[in-house]
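Structural characterization, general
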Amino acid sequence: MLKILLALPLVLLASAASAQQGHDACARDVSRFCRAVMNDGDMVVLGCLKQHRARLSRACDKVLTDNGQ
């Protein structure tokens with residue numbers, strides 16, 4: 001689980017600083033909404049987060065928005 005959370009989609013990971021911010025902001029959302037697909041790859045997790053967009057935390061939604069998602 002931790003491996004997937006640290007490896008959020010590369011689209012979100014423009015730098016080491018944003019990688020940590022993306023992880024911190026979306027870790028709970030990934031575990032809440034996307035647990036079933038956490039081992040299916042980064043793009044699947046991103047797709048899952050997008051499917052649950054209306055239910056994401058503000059911080060995670062902001063990370064996605066700030067990175068063109």
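Worth saying up front: this structure is predicted, and the values here are computed from it rather than measured. (Residues numbered from 1 in each chain as written. Predicted model: local features only at pLDDT ≥ 70, side-chain atom pairs only at ≥ 80, totals over all residues. Heavy atoms only, no water.)

1. Looking at the overall build of the chain
Along the backbone of the chain there are four helices and zero strands. Helices and strands in the chain line up, N terminus first, as α-α-α-α. When the 69 residues of the chain are sorted by exposure, 39% land in the buried category. When contacts within the chain are restricted to residue pairs at least 6 apart in sequence, those whose partners lie at least 24 apart make up 45%. Counting every atom, the chain has about 4200 Å² of accessible surface; 54% of that belongs to carbon and sulfur. (Helix = DSSP H or I, 4+ residues; strand = E, 2+ residues; numbered from the N terminus. Buried < 20%, exposed > 50% of the residue type's maximum accessible area, 1.4 Å probe, protein only. Contact = heavy atoms within 4.5 Å. Areas by Shrake-Rupley, 256 points an atom, 1.4 Å probe, with all protein chains shown as cover.)

2. Description of the pattern of salt bridges
Per the stated rule, a full pass over the model turns up two salt bridges. Here D61 and R53 are joined by a salt bridge, their closest N and O atoms 2.3 Å apart. Its relative accessible area of 23% is what places R53 among the partly exposed residues. (Salt bridge = Lys/Arg side-chain N within 4 Å of Asp/Glu carboxyl O.)

3. Comments concerning the state of the cysteines
Using the criterion set out here, one finds two disulfides in the structure. With its sulfur 2.1 Å from that of its partner, C34 forms a disulfide with C48. As the torsion about the S-S bond is roughly -100°, the C34-C48 disulfide counts as left-handed. Taken together, the residues C34 in the loop between α2 (16-33) and α3 (42-51) and C48 in helix α3 connect sequence positions 14 residues apart. Judged by its relative accessible area of 8%, C48 falls in the buried class. Taken N- to C-terminal, the disulfide-bonded cysteines of the chain are connected 1-4, 2-3. (Disulfide = S-S within 2.5 Å.)

4. What about α3?
For α3, the set of buried residues is V45, L46, C48 and L49. Viewed along the axis of α3, the buried residues span an arc of 160°, placing them on a single side of the element. Away from its buried face, by an angle of more than 90 degrees, α3 presents the exposed residues M43 and Q51. (Arc of directions from axis to C-beta.)

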